Amino acid sequence: MLRLVAICAAGLEELLAAELETLGVEQIEPERGAVVFTGQWADCWRANWRLRTANRVLVELASFDAPDGDALHAAARALVAGPLGDLLVPERTFAIEATSTASQVRDTRWAALRVKDGLADGQRDRYGRRASVERETPDVPLRLRLHRDHATLLLDTSGEALDRRGYRERTTLAPLREQLAAACVLASGWDGRGPVVDPMCGSGTLLIEAAWFAQGVAPGALRTEWAFERFPGFDAARFDEIRGESIPAPGADVQLFGNDVSSEALRAAGLNLANAGLDHRARLRRGDALTMAPPAAGGPGLVVVNPPYGERLPNGDDPWRALGDWLKQGFRGWKAVVLAGGDGLGKTIGLKPKRRWPVRNGALDARILVFELY
């Protein structure tokens, strides 16, 4: 069995753990910014293919004490002589990224360099030559974590971050990351049925993530490569089977309604929706957010909105109160989720959230606010 680590933005651990439960993996242990679990390689490939709220999926390779640079070098050198020899052959390029918290070794570049040198020396010991370092697309992408003078060496099985879904052709200022958009949808408790409305849709990320959830489209559907495909023992036929597995699709006929004041944003949303295979399901309009009416038929459904931080909404002295009034007056019976950031974090919206999820939206504190509009 492998010890696997799915990385996520802080605050999304509970949602990510719930996703992993649906995949049938074992020993799920949420940590800050990650969820640890056990499984086989097929579980790792499935996690990369199916997880909507994860940034990456890592495999723990080794764990050892590392109070100083010499200890890092010695441990890395010994790993090539032992369990990592078949992975770290000279023909495969590698690269290392490091993080450090509460450790005597604080310089992460130096820590990565000491491990790199140890691995290279181990390769010379075992094979008589060493591999090249390739920083952009290494065959073996490694991550080193130092915490309280203890080191963990991990293998990045994703390669490019999992938020690179493949549909975002154009973007807008301060775009919402796909994992956080998916987290808003999952946190809402929406069952995937009924239309989806976003009155400030920007480049369409919330609409797309909601629709892919409703239609049972895997978040990896448009990706063309993962790092794990370059590892020894990769079974392409088994991965094809995983990609062919059925995913629940409660809203196969989902309809999307987006609005924005920016014509540029709407053009971006149109291109991205088309890339996601959703242009025929979406209706986009330009106008003030709070003048958008609910769909004439097909409700109730889901309202998703990520208001621009630091800017005023129309219609009202308090922008959050105006948004709350709009939701109450037009969308009774619907579910709503608001990603609230900036001043007040949406506390004056005038609605009682069913749940508040503290999250980070980039460098900013935010809250996913979930409402039942009854």
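Before going into details, it helps to say that this report is about the structure given with it. Quantities reported herein were computed from a predicted structural model and do not represent experimental measurements.

### Section: the sheet that holds strand β9 (residues 256-260)
Next up, step 1: Sheet architecture is open: 7 strands sit in the order β10-β9-β8-β11-β12-β14-β13, paired in mixed fashion. Of all the strands in the sheet, the pair left with one neighbour each is β10 (282-286) and β13 (355-361). The sheet shows a mean angle of 15 degrees between the axes of neighbouring strands, direction not considered.
Next up, step 2: Bridging between β9 and β10 involves 5 bridges; their strand directions are parallel. Bridge pairing in β10 links Leu256 to Ala282.

### A look at the pattern of salt bridges
Next up, step 1: Tallied over the entire structure, the rule returns 28 salt bridges.
Next up, step 2: Residue Arg177 is joined to Asp163 by a salt bridge in which the shortest nitrogen-to-oxygen separation is 3.0 Å. Placement of Arg177 in the loop between β7 (150-156) and α5 (178-187) and of Asp163 in the loop between β7 and α5 is noted, with a sequence separation of 14 residues between them.
Next up, step 3: For Arg165, the salt bridge identified is with Glu209, shortest N-O distance 3.1 Å. Residue Arg165 is located in the loop between β7 and α5, and its partner Glu209 is located in helix α6 (residues 205-215); the two are separated by 44 residues in the primary sequence.
Next up, step 4: Relative accessible area serves as the criterion here: at 1%, Glu209 is assigned to the buried category.

### With respect to the environment of Asn306
Next up, step 1: You can see Asn306 is positioned in the loop between β11 (302-305) and α9 (319-330).
Next up, step 2: Looking at Asn306, the relative accessible area reads 17%, which means it is buried.
Next up, step 3: As a C-alpha pair, Asn306 and Ala265 span 41 residues in sequence and 14 Å in three-dimensional space.
Next up, step 4: The residues touching Asn306, leaving out its near neighbours within four places in the chain, are Leu176, Leu206 and Leu339.

### A look at the sheet that holds strand β3 (residues 34-39)
Next up, step 1: A sheet is described by the order of its strands in space; here 7 strands give the open sequence β2-β3-β1-β4-β7-β6-β5, paired in mixed fashion. If you trace the sheet from one side to the other, it starts and ends with β2 (26-31) and β5 (94-101), each paired once. Strand-to-strand twist across the sheet, computed as the mean angle between neighbouring axes with direction ignored, equals 30 degrees.
Next up, step 2: In this structure, β5 lies alongside strand β6 (residues 140-147), joined through 8 bridges in parallel fashion. Among the inter-strand pairings, Ile96 is bridged to a residue of β6, identified as Leu142.
Next up, step 3: The strands that helix α2 (residues 41-50) touches are β1 (2-7), β3, β4 (56-65) and β7; relative to β4, the one it contacts most, it runs at about 130 degrees.

### Points about unusual backbone geometry
Next up, step 1: Residues Gly299 and Pro300 are joined by a peptide bond in cis, for which omega reads -5 degrees.
Next up, step 2: Note on placement: Pro300 falls in the loop between β10 and β11.
Next up, step 3: With a phi close to 50 degrees, Gln27 is a non-glycine residue in the positive phi region.
Next up, step 4: With respect to the helices and strands, Gln27 occurs in strand β2.
Next up, step 5: Not every positive phi belongs to a glycine, and Asp149 is a case in point at roughly 65 degrees.
Next up, step 6: You can see Asp149 is positioned in the loop between β6 and β7.

### Some thoughts on the side chain of Arg46
Next up, step 1: Following the sequence through the fold, Arg46 ends up in helix α2.
Next up, step 2: At 2.8 Å, the side chain of Arg46 and the side chain of Glu245 are in polar contact.
Next up, step 3: Excluding residues that lie within four positions of it along the chain, Arg46 makes contacts with Leu23, Leu51, Arg238, Ile242 and Glu245.

### Section: α9
Next up, step 1: Helix length check: α9, at 12 residues, gives a terminal C-alpha distance of 17 Å against a target of 16 Å (1.5 Å per residue), a fit within 8%.
Next up, step 2: What α9 keeps buried is the set Pro319, Trp320, Ala322, Leu323, Gly324, Trp326 and Leu327.
Next up, step 3: Structurally, α9 contributes buried residues whose contacts are with β11 and β12 (335-341).

### Looking at the nonpolar core
Across soluble globular proteins, nonpolar side chains show a tendency to be buried alongside one another.
Next up, step 1: Counting 93 residues, the largest nonpolar core has Leu51, Leu72, Leu119, Leu142, Leu144, Leu256 and Ile368 as its most contacted members.
Next up, step 2: Looking at which element gives the most residues to this core, the answer is α6, with 7 residues.
Next up, step 3: Contact partners of Leu144, with chain neighbours within four places excluded, come to Leu72, Ile96, Glu97, Ala98, Thr99, Ala111, Val115, Ala151 and Thr152.
Next up, step 4: Ala322, Trp326, Ile349 and Leu369 belong to the second-largest nonpolar core, a separate cluster that totals 23 residues.

The rules we used
Residues numbered from 1 in each chain as written. Predicted model: local features only at pLDDT ≥ 70, side-chain atom pairs only at ≥ 80, totals over all residues. Heavy atoms only, no water. Pairing = 2+ DSSP bridges. Helix = DSSP H or I, 4+ residues; strand = E, 2+ residues; numbered from the N terminus. Axes fitted to C-alpha atoms, helices over the stretch in contact; angles between N-to-C directions. Salt bridge = Lys/Arg side-chain N within 4 Å of Asp/Glu carboxyl O. Buried < 20%, exposed > 50% of the residue type's maximum accessible area, 1.4 Å probe, protein only. Contact = heavy atoms within 4.5 Å. Polar contact = N/O pair within 3.5 Å; in protein donor to acceptor, adjacent residues only side chain to side chain. Expected span 1.5 Å × (residues − 1). Core = buried A, V, L, I, M, F, W, Y, C linked by side-chain atoms within 4.5 Å.

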